[in-house]
Amino acid sequence: MVKMHKLHKFFGLSAGLVILILSITGFLLDHDNWNFLYTNTFKHYPSSLENADKRLFSSYYVDPKNSKHILTGSKRGLYESFDGGKSFHKLLSLEINAIKEASDKRLIFATSDGLYLKNSQKITPFLLNGRYINAISIYKDQLVAVEDKKTIYMIDISTQKIKKSLRVNIAKSELQEDIKLSRFVRDLHYGRGLFDGDLSLLINDYAAFVLTLLGVSGFVIWFYIYRKKAAKPARKWIKFHANIVTIIAIFPVLILLITGVFLDHNETLARFMKQVSIPHTVLPPVYSSLRADIWSVDYDGKLLRVGNRYGVYKSKDLKKWVLESRGFGYSLNRDGDLLYVGGMGASNRYFDGKWHILQHTPHMFKDVVKIDEKKSFFSAHQTDLPLPKFEDVTLYSLLLSLHDGTFFSSWWIWVNDYASLAMLLLFVTGSIRWWMKKKRR
């Protein structure tokens, strides 16, 4: 027991601070819909974060009548330029997830606070205020909006009324796809790989809370024991540190540790993870429902399509859904009779009556931009289109850099790896000590 105690103490003190950083930042990053992550910014940051907020842009619009007039949407807000992108000014401080043009040339924005409408120079709330809208599609006077990847709203733009709201319930027979290990690892780590709705995310939150509790209480216990004359408060903190609540957390914590190591070494392991397929028969329950997994939407007046992690599904009656195109439907963008699909870990493709692979386009593009009849596929990761430049960085980007180690250095992933291994050994040694003490009692 004495040797195990020293081992537990060594790993706790050597990796405790890194474990605290990973748990706190991981918790906040899992809730990337929270607006304060993007409204709070910092002017002082490492040079590695100079263009970090570029990844936050998700939509781009160029005025067909004036190519120098540009609007672009980001998690930081809505920005407008009248000089071809040389300078931008901010119009809204909400998260902008999509920009679409209605038949009357007005622009509609999907935001973190419902739908907004731009008429001439004025922007006003339109519908669904207070709701997080992650995707929209417009066909003539009909608007389809998706709330938080769960609920679809069919809206008449001219009357500004919601005609129908629905949930997508896909039959299990249409949800029989295998998935790549790369997809499964990310789903588990980001809190969407076990159960439908928010349950997977809550499990991640529970693991993050326990890791934070263990880190803080472990340092407090060490401090009291180091003082030697503080045995009574130390015993109180030990009760917070070692109990059934923290022991149970070993399962979700183990998932986060293993998937975190895989993601830290994604470049090295990418080929392996894409080659390994997970059979549907052994996948967790969420992969047989996907009721809260609507990443994109399209409506052509006859068919409603949604994009989820399995692919693009279509429906005529909004009840029966059929898998039409395999591969993550990260984005759906329509240009007349052409439907473009941006893939995540899957091929980009387009539909003109038949499905085709879309060659020479950036991975995970979010928008299709037309400039003087020339099409450009907008992805914040790979774009030559002009974007606003910032002298500060968002809290979100700062947290992400702390979590993946780029805040410190490219080699910091090895420190994260050590912290993961140390956390695993801390759970093993801590569980054994807790069990042996319990047996003695």
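Residues numbered from 1 in each chain as written. Predicted model: local features only at pLDDT ≥ 70, side-chain atom pairs only at ≥ 80, totals over all residues. Heavy atoms only, no water.

1. With respect to the packing of aromatic side chains
For the structure shown, the criterion picks out 19 aromatic pairs. Arranged with centres 4.9 Å apart and planes meeting at 40°, the rings of Phe 351 and Trp 355 form a pair that is tilted. Looking at Trp 355, the relative accessible area reads 25%, which means it is partly exposed. Within the aromatic cluster, the residues linked to one another by ring pairs are Tyr 340, Tyr 350, Phe 365 and Phe 377. The ring of Tyr 330 carries the charged tip of Lys 366 above its face, separated from the ring centre by 5.0 Å. (Phe/Tyr/Trp six-rings, centres within 6.5 Å; stacked < 30°, edge-to-face > 60°. Buried < 20%, exposed > 50% of the residue type's maximum accessible area, 1.4 Å probe, protein only. Lys NZ or Arg CZ within 6 Å of the ring centre and 35° of its normal.)

2. Examining the pattern of salt bridges
For the structure on display, the rule yields 17 salt bridges. Asp 148 serves as the salt-bridge partner of Lys 150, at 3.9 Å between the closest nitrogen and oxygen. For Lys 150, a relative accessible area of 17% gives the class buried. Its relative accessible area of 28% is what places Asp 148 among the partly exposed residues. A salt bridge links Asp 298 to Arg 305, with the nearest nitrogen and oxygen atoms 3.9 Å apart. (Salt bridge = Lys/Arg side-chain N within 4 Å of Asp/Glu carboxyl O.)

3. Some words on a nonpolar patch on the surface
Taken together, the side chains of Leu 254, Ile 258, Leu 421, Leu 424, Val 428, Ile 432, Trp 435 and Met 436 present a nonpolar region at the surface, about 660 Å² in accessible area. Elements with a minimum of two residues in the nonpolar patch: α7 (250–264) and α10 (412–440). No other element matches α10, which puts six residues into the nonpolar patch. Its place among the elements puts Ile 432 in helix α10. Exposure remark for Ile 432: the relative accessible area of 33% places this residue in the partly exposed category. (Patch = residues over 30% accessible without salt bridge, like charges linked within 9 Å, V, L, I, M, F, W, Y side chains within 5 Å. Areas by Shrake-Rupley, 256 points an atom, 1.4 Å probe, with all protein chains shown as cover. Helix = DSSP H or I, 4+ residues; strand = E, 2+ residues; numbered from the N terminus.)

4. Comments concerning the sheet that holds strand β16 (residues 296–299)
Read across the open sheet, the four strands follow the order β16-β17-β18-β19; overall the sheet is antiparallel. If you trace the sheet from one side to the other, it starts and ends with β16 and β19 (322–326), each paired once. Taking the axes of each pair of neighbouring strands and ignoring which way they run, one obtains an average angle of 25° across the sheet. Bridge count for β16 against strand β17 (residues 304–307) is four bridges, and the pairing is antiparallel. Considered in β17, the bridge of Asp 298 is made with Arg 305. (Pairing = 2+ DSSP bridges. Axes fitted to C-alpha atoms, helices over the stretch in contact; angles between N-to-C directions.)

5. What about a positive patch on the surface?
Residues Lys 232, Arg 235, Lys 236 and Lys 239 make up a contiguous surface patch of positive charge. Residue position: Arg 235 is located in helix α5 (residues 231–241). With relative accessibility at 53%, the residue Arg 235 sits in the exposed group. (Lys, Arg positive; Asp, Glu negative; His and termini not counted. Charge placed at Lys NZ, Arg CZ, Asp CG, Glu CD.)

6. Quick notes on the sheet that holds strand β12 (residues 151–156)
Taking strand neighbours across the sheet as the criterion, the four strands line up as β10-β11-β12-β13 in an open arrangement whose pairing is antiparallel. Where the open sheet ends on each side, the last strands, each with one partner, are β10 (133–139) and β13 (161–167). On average, each strand axis in the sheet is inclined to that of its neighbour by 20°, with strand direction left out of account. Note: β12 against β13, six bridges, orientation antiparallel.

7. Structural notes on the environment of Ser 112
Within the element layout of this structure, Ser 112 appears in the loop between β7 (107–111) and β8 (114–119). For the pair Ser 112 and Tyr 132, spaced 20 residues apart in sequence, the C-alpha to C-alpha distance is 4.3 Å.

8. Section: the nonpolar core
Ranked by size, the top nonpolar core spans 32 residues in total, and within it Ile 152, Leu 304, Val 306, Tyr 310, Tyr 313 and Trp 321 carry the most contacts. Elements with a minimum of two residues in this core: β11 (142–147), β12, α3 (181–189), β16 and β17. Every residue in contact with Val 306, bar those within four places of it in the chain, is listed here: Ile 152, Val 168, Ile 294, Ser 296, Val 297, Gly 311, Val 312, Tyr 313, Trp 321 and Leu 332. One finds Ala 15, Val 253, Leu 257 and Ala 419 within the second-largest nonpolar core, a separate group that totals 19 residues. (Core = buried A, V, L, I, M, F, W, Y, C linked by side-chain atoms within 4.5 Å. Contact = heavy atoms within 4.5 Å.)

9. Digging into unusual backbone geometry
The phi dihedral of Leu 318 is positive, around 65°, even though this residue is not glycine. Among the secondary structure elements, Leu 318 is positioned in the loop between β18 (311–315) and β19. Positive phi, normally seen in glycine, also occurs at Met 364, with a value near 60°. In this fold, Met 364 is placed in the loop between β23 (355–357) and β24 (367–371). With relative accessibility at 18%, the residue Met 364 sits in the buried group.

10. A look at the side chain of Asp 53
For Asp 53, the position within the fold is in the loop between β1 (41–42) and β2 (57–62). You can call Asp 53 buried: its relative accessible area is 4%. Here Ser 397 takes part through its side chain, which lies 2.5 Å from a polar atom of the side chain of Asp 53. Discounting chain neighbours no more than four positions away, the residues touching Asp 53 are Arg 76, Phe 390, Asp 392, Val 393, Thr 394 and Ser 397. (Polar contact = N/O pair within 3.5 Å; in protein donor to acceptor, adjacent residues only side chain to side chain.)

11. A short note on helix α9 (residues 395–404)
For α9, the buried fraction is high: nine of the ten residues fall into the buried class. Among the residues of α9, Leu 395, Tyr 396, Ser 397, Leu 398, Leu 399, Leu 400, Ser 401, Leu 402 and His 403 are the ones counted as buried. A positive backbone phi angle near 90° is found at Gly 405, which sits one or two residues after α9.

12. Topic: the packing of α7 against helix α8 (residues 266–275)
To characterise two packed helices, one gives the angle between the axes of the helices and the distance between these axes. Between α7 and α8, whose axes approach to 6 Å, the crossing angle comes to 105°. Overall, the two elements α7 and α8 adopt an arrangement that is roughly perpendicular. Within the contact between the two elements, α7 uses Phe 262, Leu 263 and Asp 264 and α8 uses Asn 266, Leu 269, Phe 272 and Met 273. Here the residues of the contact of α7 with α8 sort into five nonpolar, one polar and one charged. (Parallel < 35°, antiparallel > 145°, perpendicular 65-115°, else oblique. Nonpolar A, V, L, I, M, F, W, Y, C, P; charged D, E, K, R; others polar.)

Any functional reading would require information beyond the geometric quantities listed.
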